[in-house]
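Residues per chain, in single letters:
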Amino acid sequence: MLPWVRTILRGGRLFSTEATTQTIALRPYQEHCLQACEDALNAGSSRIGCSLPTGSGKTTIFISLLSRISPPSSNPRASRSLIIVNSIELARQSAEQVARLFPSWTVQIEQGVKHLASGTADVTVATYQTLLQPERFAKFDPTRLKAVIIDECHHAAAPSYLKLLSHFDSNIRNPDPNFEPPTLQHKIPIIGFSATLSRHDGIALGSVFERIVYHRDFLSMIKDQWLSGVRFTTVQANINLDGVTVNSRTGDFNATSLAHVINTDTINQLVVQTWLDRAAERRSTLVFCVNIAHVRALTQVFRGFGIDARYVYSKTPIAERKALIASFKAGQFPVLVNCAILTEGADIPNIDCVVVARPTRSRNVFAQMIGRGMRLSPDTGKKDCRIIDFVDSANRVAGIMSTPTLFGLDPADLVIEDETLESLEEKSSAQIASQDADNVPDPESVTYTDYEDPFAFVSKFSGLSPHINQLSNYAWVGCGNDIYVLECLGKGFIRIEKVEATDVPAHFSARFTPAALDRATAADLKVSPFLRSRRILQSEDLSEAIKGCDTYAKTKVVFGPMAIGLLRSARWRKAPATPQQLAFVTKRLKKPLDDEDHELKNITKGEAANIITRLKHGAKRRHDQKVKQASVATKAAEKARARRAREEVRIGPLPLV
């Protein structure tokens, strides 16, 4: 407890022996937040949220707000307050702050078996986990409450919180369909505070709060010097997150899957070596890991380099955890490694380096992690905080949060080494300016795109790849995926396709498949109309492969004047498509021709032959696969966009869904 407040613990109740109150010196933005809350409550809102970053003094703000909320005139007996938190650390911090700021108030903690409140204190700080026990929750009479505060209120839309909050406001729906909301004599203000007042998983905070009345992000707080200065270092690591699974509920990576990629000897050595190179002089470094196995492994690597690193995780006993954090706050060892324990509610101002060794898709989680190092701590000589994070240089996966993406920058386009907030904002502004639509450079190269829809007959190419047209006068048909086919007037076909292998350089392989029977006879005999294919050539250059195959076609397959029929300009290609051709295309199109299919009805023999060639050589299957992949990618991009939109905090009404 604080040296200037003596408290005596009796029956779980903290009785203050100090009768005088301290004058609370609020920062300007804290006063603005309080005023915004008062204005909203006076205007009739009763469920409001406030968003302020880690280190901004949210606890001081909401305790000060309780002092300004009077019992309603309709129910003067409603003079008590309930503060709901999600950890014992936050409960202790809030209770101590109440005692510090308003020593004349009685304050109790309701948590676990060691902290049993009476329910009659001026302020009770309770963990939601304990309140979910009916006999514990029954202590708190809603008719005697003047306000309910929710710390880390981005959790408030979860079913566990809704079960509790629905007892204080009938507009909050209880997950239990049989729940009967109580009849209350007055509206109980429900006020939420969080550094990240949004939810990554899409659950609407509007189910609890009517509106956000105040928002201040950490970037503006750093600029105004209310938070510590920051220096950023981003490490390009050989990490491939492409195969890491994503939790469908939270939208973030599954820890077990992520650990398989991150918790490796190579990556752990890189993390520690980076810290030695860039942050060894730092006094207090907090490291975030993926899971418990990663925590232990990375701690051992630190120790292998002679660094006194210790770790804390969910199974660390409460007393040991408290002692460990106290030692870290006292600067008795330089590196504390953790997993999901110190992401929220950790009040350790002396942290002057944060190492983010666990990739995340959540802007909230990333902001919470780096926010641990942004508290001011002049007493420890802290001047700024170094943030070290790691991005996957091997295969950039969409949606991953990092220092560059926080500022709207592409991690692949720049090196971040010892950058300040100001320098990163300058880079961001420069990038935006460089993307001016009026400043488009001339193209340095051209990428050819094959039209892979086999029914794209409206296109004048009808499968004739434009870049192949520059290489040959023959009617080569592009079938997608670097596959090109030349039909040889009933004598078979020549097929060129790209071969990519690990043991040989990429090249194009050409084969000729001769026809043995006409299709009708082959169908009657139920045999293939073709003989075994034979290799013609291979070349690393497509143009050389095309030229070689053209020579083979006119000298080995279609002789003399007949070779004219291979040309794109051959007369037969301009004649109307035969009924057999139209019937084949219609069957594969899987719909009868109607008046809207005017283009299809009027195609030529050559165009129909191109479509049929593409169908026979798998273009439709490849096209359908690409359409499916594109659809999946579009849906993923839309989910990512919606996720980013959810993580944006704006003052104003909150949607219910």
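A quick note: this is a predicted structure, and the numbers were derived from the prediction, not measured.

(A) Just the overall build of the protein, in detail. Each helix and strand in the protein was counted, giving 21 helices and 22 strands. Counting across all 657 residues of the protein, residues that qualify as buried make up 50%. When contacts within the protein are restricted to residue pairs at least 6 apart in sequence, long-range pairs at least 24 apart make up 69% of them. Summing over all exposed atoms, the protein offers an accessible surface of approximately 32,000 Å²; the carbon and sulfur share of this is 51%.

(B) Representation of a nonpolar patch on the surface within the structure. A surface patch of nonpolar side chains, about 280 Å² in accessible area, is lined by Leu489, Met562 and Trp572. Note on placement: methionine 562 falls in the loop between helix H17 (542-557) and helix H18 (579-589).

(C) Broad picture of the layout of surface pockets. Quantified by volume, the second largest pocket comes out at close to 750 Å³. In terms of lining, the second largest pocket is formed by 29 residues, of which the most central are Glu487, Gly490, Arg519, Thr613 and Lys616. Sorting the residues of the lining of the second largest pocket by element identifies strand S18 (483-487), strand S19 (492-499), H18 and helix H20 (605-616) as the ones contributing at least two each. Considering only residue class, the lining of the second largest pocket consists of 15 nonpolar, eight polar and six charged.

(D) View of helix H11 (residues 318-329). An ideal rise of 1.5 Å per residue puts 16 Å on 12 residues; H11 measures up with 16 Å between its terminal C-alpha atoms. The complete set of buried residues in H11 reads Arg321, Leu324, Ile325, Ser327 and Phe328. Mapping the buried residues of H11 onto a view down its axis gives an arc of 160°, with all of them on the same face. Where H11 terminates, the next one or two residues include glycine 331, which has phi positive at roughly 75°.

(E) Local environment of the sheet that holds strand S21 (residues 534-539). The sheet built from five strands is open, its strands ordered S17-S18-S19-S20-S21 with antiparallel pairing. Since the sheet does not close on itself, it has two edges, and those belong to strand S17 (477-478) and S21, each with one partner. Bridging between S18 and S19 involves five bridges; their strand directions are antiparallel. The residue bridging valine 485 from the neighbouring strand is arginine 495, located in S19.

(F) Inspection of the packing of aromatic side chains at higher detail. On inspection of all chains with the given rule, the structure shows 10 aromatic pairs. On the numbers, 5.9 Å between centres and 40° between planes, the contact of tyrosine 311 with tyrosine 313 is tilted. Under the relative-accessibility criterion, tyrosine 313 is labelled buried at 12%. Above the face of the phenylalanine 584 ring, lysine 616 is positioned so that its terminal group lies 5.7 Å from the ring centre.

(G) Broad picture of helix H2 (residues 58-68). The element H2 is largely enclosed, with a buried count of nine among its 11 residues. Listed in full, the buried residues belonging to H2 are Lys58, Thr59, Thr60, Ile61, Phe62, Ile63, Ser64, Leu65 and Leu66. Of the surrounding secondary structure, the elements contacted by the buried residues of H2 are helix H1 (28-42), strand S4 (80-85), helix H3 (88-101), strand S7 (145-151) and strand S8 (190-194).

(H) Layout of unusual backbone geometry. The phi angle at leucine 489 is positive, at roughly 55°, despite the residue not being glycine. Assignment of secondary structure puts leucine 489 in the loop between S18 and S19. The backbone of lysine 526 shows a phi angle near 55°, a positive value even though the residue is not glycine. With respect to the secondary-structure elements, lysine 526 resides in the loop between helix H16 (519-525) and S21.

(I) The confidence of the model for the protein, seen in detail. For the protein, the average pLDDT comes to 83, and 82% of its residues sit at 70 or higher. Below a pLDDT of 50 lies the segment residues 1-21, which in the model reaches 42 contacts outside its immediate sequence neighbourhood of four places, other chains included. Segment residues 435-463: pLDDT under 50, and 46 contacts once partners within four positions in sequence are set aside and those in other chains are kept.

(J) Quick peek at the environment of serine 257. Residue position: serine 257 is located in helix H8 (residues 255-262). Here serine 257 falls in the buried class, since its relative accessible area comes to 16%. Taking the C-alpha atoms as reference points, serine 257 and threonine 245, separated by 12 residues in sequence, lie 6.1 Å from one another. Here serine 257 is in contact with Gly243, Val244 and Thr245, once residues within four sequence places are set aside.

(K) Region of the structure containing the environment of proline 142. Note on placement: proline 142 falls in the loop between helix H5 (134-137) and S7. With a relative accessible area of 15%, proline 142 lands in the buried category. Distance in space between the C-alpha atoms of proline 142 and histidine 167 is 7.4 Å, their sequence separation being 25 residues. Every residue in contact with proline 142, bar those within four places of it in the chain, is listed here: His167, Phe168, Leu184, His186 and Ile188.

(L) Region of interest: the pairing of S4. Of all six residues in S4, six are buried; the element is thus mostly enclosed. Alternating positions in S4 separate into two faces, Arg80, Leu82 and Ile84 on one and Ser81, Ile83 and Val85 on the other, with burial throughout. As judged from the five bridges shared by S4 and S7, these two strands associate in the parallel manner. By the bridge assignment, arginine 80 is partnered in S7 with leucine 145. By the bridge criterion, five bridges tie S4 to strand S6 (residues 123-127) in an arrangement that is parallel. Residue pairing in the sheet places isoleucine 83 in a bridge with valine 125 of S6.

(M) Fine view of the pattern of salt bridges. Applying the stated criterion across every chain yields a total of 14 salt bridges. The closest approach of N and O atoms between glutamate 89 and arginine 321, which form a salt bridge, is 3.0 Å. Taken together, the positions of glutamate 89 in helix H3 and arginine 321 in helix H11 put the pair 232 residues apart, joining distant regions of the chain. Of the residues examined, glutamate 89 reaches a relative accessible area of 23% and is grouped as partly exposed. Arginine 321 gets classed as buried once you look at its relative accessible area, which sits at 10%. Glutamate 500 is the partner of lysine 498 in a salt bridge, and the nearest nitrogen-oxygen pair spans 3.8 Å. A single network of salt bridges, built from pairs that share partners, joins Glu31, Glu38 and Arg68.

(N) Examining the packing of H2 against H3 more closely. Put simply, H2 and H3 touch, their axes get as near as 10 Å, and they point 55° apart. In this view, H2 runs oblique relative to H3, as classed from their interaxial angle. Two packed elements cross with a definite hand, and for H2 against H3 that hand is right-handed. For the pair H2 and H3, contact is made by Thr59, Thr60, Phe62 and Ile63 and by Ser94, Gln97, Val98 and Leu101, respectively. Taken together, the residues of the contact of H2 with H3 break down into four nonpolar, four polar and no charged.

Thresholds applied
As a convention, each chain's residues are numbered from 1 in the sequence order in which they are written. Owing to the predicted nature of the model, reporting of local features is limited to residues with pLDDT of at least 70; listing and counting of side-chain atom pairs is limited to 80 or more, with chain, interface and lining totals taken over all residues. Just so you know, side-chain values use all the structure's heavy atoms and leave hydrogens and water out. Secondary structure is summarised from DSSP: a helix means a run of H or I of at least four residues, a strand means a run of E of at least two, and numbering begins at the N terminus for each. For each residue, the accessible area found with a 1.4 Å probe, counting protein chains only, is set against the maximum for its type, and the residue is called buried under 20%, exposed over 50%, and partly exposed in between. Whether two residues are in contact is decided by their heavy atoms, any of which lying within 4.5 Å being enough. A 1.4 Å probe and the Shrake-Rupley method give the accessible areas. Residues count as covered only by the protein chains that appear here. Residues with no salt bridge and a relative accessible area higher than 30% make up the patches, which join like charges within 9 Å and nonpolar side chains (Val, Leu, Ile, Met, Phe, Trp, Tyr) within 5 Å. Any carboxyl oxygen of Asp or Glu within 4 Å of a side-chain nitrogen of Lys or Arg constitutes a salt bridge here. Of the grid points, spaced at 1 Å and generated over the protein atoms alone, those admitting a 1.4 Å probe that cannot get out make up cavities, while open sets with protein on both sides within 12 Å along at least five of seven lines make up pockets; any residue with an atom within 4 Å of a point is treated as lining. Grid points are joined across faces, edges and corners, and a volume is the space filled by probe spheres set on the points. Only Asp, Glu, Lys and Arg are considered charged in this grouping, and only Ala, Val, Leu, Ile, Met, Phe, Trp, Tyr, Cys and Pro are considered nonpolar; every other residue, Gly among them, is considered polar. Every helix has an expected span of 1.5 Å times one less than the residues it contains. Comment: arc refers to directions from the helix axis out to C-beta atoms. Strand pairing follows a simple DSSP-based rule, namely that at least 2 bridges must link the two strands. What counts as a ring pair is set by centres within 6.5 Å for rings of Phe, Tyr and Trp (its six-membered ring), and what kind of pair is set by the plane angle: stacked under 30 degrees, edge-to-face over 60, tilted for all other angles. Look at NZ for Lys and CZ for Arg. If either is within 6 Å of the ring centre and within 35 degrees of the ring normal, a charge sits over the ring. Per-residue confidence from the prediction method is given by pLDDT, with values spanning 0 to 100. Helix axes use the C-alpha atoms of the stretch in contact, all axes being lines fitted to C-alpha atoms, and the angles between their N-to-C directions lie in the range 0 to 180 degrees. Should an angle lie under 35 degrees it is considered roughly parallel, over 145 roughly antiparallel, and from 65 to 115 roughly perpendicular; all remaining angles are considered oblique. Two helices that cross are described as forming a left-handed crossing if the nearer one is turned anticlockwise from the farther one by less than a right angle, and a right-handed crossing if clockwise.

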